[in-house]
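Descriptive structure summary
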Amino acid sequence: MLRAALIFLLTLAAALPASAQGFGAMARVLGAESALEDRGPGAEMTLALTQAVPFRVFTLADPYRVVIDFRQVAWSGLPPGFDASDAVTSVETGAAFQPGWSRMVLTLDAPLMPAVAAMETDPTTGEARVILRLDPATEDGFAAQAGPPPGAEAGLLVTAGQPDPSALSRTDGRLVVVLDPGHGGVDPGAVRGDLHEANIVLTFARELREALRRTGRVEVVMTRDADIFVPLPTRITLARAAGADLFISIHADAVAEGRAQGATVYTLSEMASDAASAALAEQHDRADLLEGVDLSGADDVVADILMDLARVETAPRAAALADGLVAQISASGLELHSSPRGEAGFTVLKAADIPSVLLEIGFMSAEGDLDNLMNPDWRAEMQAALVTAILDWAEADAARAALLRQ
């Protein structure tokens with residue numbers, strides 16, 4: 001009965017506008033607001049999209065190129081005369097070699113490196129703006145950074161035409177993990193001297209991404225891959241657009257000295273498991289006010305019912321993931337908080353259709369934890385434990401799903 005009701009409501013929700021659904025339909029280019037122009041000795045691109053989508057940027061040499069991959073974008077709205085930059089000799093768009101991704105390739109007249117690669121999202125309309133600023137670089141500096149990231153093909157485009165990205169899908173069976181490094185940009189998170197939580201967790205997330213990719217079983221998407229501000233609702237939107245199988249938000253907060261040390265894993269609950277969990281959730285959500293993001297908007301009745309039903313299935317899966325992470329961290333001999341499993345109303349965990357956890361890998365307010373966070377050997381041990389736990393959870397979750405289908 002519950003599954004039938006959920007199917008009915010999913011069908012009903014499909015009739016809503018994309019912004020109301022909250023699901024990751026393919027983004028379209030808003031041509032009137034998009035441009036590529038010279039900026040001093042470099043260039044700057046503004047690409048307006050109907051919604052936020054995950055994206056990545058890398059460079060290729062011989063010739064000098066900047067590649068921007070999106071998941072996914074229909075390029076038909078790109079206006080004539082979009083490329084008004086002398087520094088960019090050509091712009092090509094199409095589908096990337098990797099299924100499920102769309103690609104834009106900027107061929108350059110001279111070596112230019114990405115200095116800013118950021119996405120801003122309108123919290124009311126859901127529309128997004130990608131800002132890419134390219135600054136001059138030396139030939140040696142460009143060459144040292146050139147090359148596709150793991151999981152991205154270096155090939156230009158599938159065709160020279162305009163294939164329909166909506167026909168592409170992920171068919172390789174890999175688990176899609178969205179890593180969410182907390183804070184960023186105007187919100188540095190916890191601060192100890194010249195150390196910022198936003199930078200520490202970004203480094204950790206990048207290393208964890210590579211550890212997961214090396215298994216050959218996981219595709220990883222980051223909600224941010226630079227020191228930029230990403231509103232909490234946008235992080236959820238990006239996860240859904242990526243087709244996330246699971247979502248892990250990574251933090252290393254600071255609390256009163258002596259009150260917290262070791263790793264902690266949180267799942268969503270409207271009732272916090274303790275006062276410290278409630279304080280952390282309030283602290284995280286308050287950071288969004290730095291950019292004037294309103295988190296108080298109420299969902300409509302259909303969305304409320306849909307989310308409640310989805311959480312009936314998703315909540316135990318998230319709990320199983322959290323329990324597995326705690327168990328593996330313990331089995332690896334790494335320190336856990338005295339209460340390693342917490343619950344609180346973190347906004348970033350409120351994607352009803354995606355198993356989501358928030359992981360405090362340690363607390364910057366604890367000297368021992370801070371030493372660990374700055375130690376690459378400790379980080380590698382923690383990342384290895386997380387990889388094992390994630391893969392074990394994926395196998396158990398698939399087995400559970402198979403049983404439910406019988």
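Everything in this summary refers to the structure shown in the same document. The structure presented is a predicted model; accordingly, all values stated were derived computationally and were not measured.

Let us now look at the sheet that holds strand β5 (residues 65-70). What the four strands build is an open sheet, ordered β4-β5-β9-β8; its pairing is antiparallel. Two strands bound the open sheet, and with one partner strand each, they are β4 (55-60) and β8 (88-95). In this sheet, neighbouring strand axes are inclined to one another by 15° on average, regardless of whether the strands run parallel or antiparallel. Of the pairings in the sheet, the one linking β5 to strand β9 (residues 102-108) comprises six bridges and is antiparallel in character. Pairing of I68 across the sheet is with M104, part of β9.

Quick look at the packing of aromatic side chains now. Centre distance and the angle of the planes are the two values used to describe a pair of aromatic rings. Summed over all chains, the structure comprises three aromatic pairs. Taking 6.0 Å as the distance between ring centres and 25° as the angle between the ring planes, the aromatic pair formed by F55 and F70 counts as stacked. Placement of F55 in strand β4 and of F70 in strand β5 is noted, with a sequence separation of 15 residues between them. On the basis of relative accessible area, F55 is assigned to the partly exposed category, the value being 21%. The exposure class assigned to F70 is buried, which follows from its relative accessible area of 0%. Summarising the aromatic geometry, the rings of F70 and W75 are spaced 5.7 Å apart at their centres and angled 75° between planes, so their arrangement reads as edge-to-face. Neither residue differs from the other here; F70 and W75 are each classed as buried.

Residues spaced three or four apart along an α-helix face the same direction, because each turn holds 3.6 residues. The end-to-end C-alpha distance of helix α4 (residues 197-213), which contains 17 residues, comes to 24 Å, matching closely the 24 Å that a straight helix rising 1.5 Å per residue would cover. The element α4 is largely enclosed, with a buried count of 12 among its 17 residues. For α4, the complete set of buried residues consists of E197, A198, I200, V201, L202, F204, A205, L208, R209, A211, L212 and R213.

Turning our attention to the pairing of β4. Pairing analysis gives six bridges linking β4 to β5, with the strands arranged antiparallel. The partner of T59 across the bridge, within β5, is V66. Here β4 folds back onto β5, and the loop between the two strands holds four residues, one of which, D62, carries a positive phi near 55°.

Turning our attention to the sheet that holds strand β17 (residues 263-268). Read across the open sheet, the six strands follow the order β15-β12-β16-β19-β17-β18; overall the sheet is mixed. Both edges of this open sheet fall to β15 (218-222) and β18 (336-344), since each of them pairs with a single strand only. Averaged over all neighbouring strand pairs, the angle between strand axes comes to 25°, with direction disregarded. Across five bridges, the pairing between β17 and β18 is parallel.

Let's shift gears to the pattern of salt bridges. Taken as a whole and judged by the stated rule, the model has 14 salt bridges. Ionic pairing is found between E367 and R192, a salt bridge with its closest N-O pair at 3.0 Å. Residue E367 is located in helix α8 (residues 367-373), and its partner R192 is located in strand β13 (residues 191-192); the two are separated by 175 residues in the primary sequence. A network of salt bridges, in which partner residues are shared, links R206, R209, E210, R213 and D225.

This part covers the nonpolar core. Grouped together as the largest cluster of nonpolar side chains are 43 residues, with contacts concentrated most on L179, L212 and I250. Broken down by element, the residue count for this core peaks at 10 residues, all from helix α9 (residues 376-405). Apart from residues lying up to four places away in sequence, I250 is in contact with L179, D180, P181, G182, V201, F204, A205, L208, L359 and I361. Counting residues in each nonpolar core, the second largest holds 32 residues, with A43, V88, M104 and L108 among its members.

Let's shift gears to the environment of W393. Tracing the sequence through the fold places W393 in helix α9. As for W393 and A322, which are separated by 71 residues in sequence, their C-alpha atoms are 9.4 Å apart. For W393, the contacting residues outside a window of four places in its chain are L175, D245, L246, R317, A320, L321 and P355. One polar contact links the side chain of W393 to the main-chain carbonyl oxygen of R317, over a distance of 3.1 Å.

The rules behind these values
- Residues numbered from 1 in each chain as written.
- Predicted model: local features only at pLDDT ≥ 70, side-chain atom pairs only at ≥ 80, totals over all residues.
- Heavy atoms only, no water.
- Pairing = 2+ DSSP bridges.
- Helix = DSSP H or I, 4+ residues; strand = E, 2+ residues; numbered from the N terminus.
- Axes fitted to C-alpha atoms, helices over the stretch in contact; angles between N-to-C directions.
- Phe/Tyr/Trp six-rings, centres within 6.5 Å; stacked < 30°, edge-to-face > 60°.
- Buried < 20%, exposed > 50% of the residue type's maximum accessible area, 1.4 Å probe, protein only.
- Expected span 1.5 Å × (residues − 1).
- Salt bridge = Lys/Arg side-chain N within 4 Å of Asp/Glu carboxyl O.
- Core = buried A, V, L, I, M, F, W, Y, C linked by side-chain atoms within 4.5 Å.
- Contact = heavy atoms within 4.5 Å.
- Polar contact = N/O pair within 3.5 Å; in protein donor to acceptor, adjacent residues only side chain to side chain.

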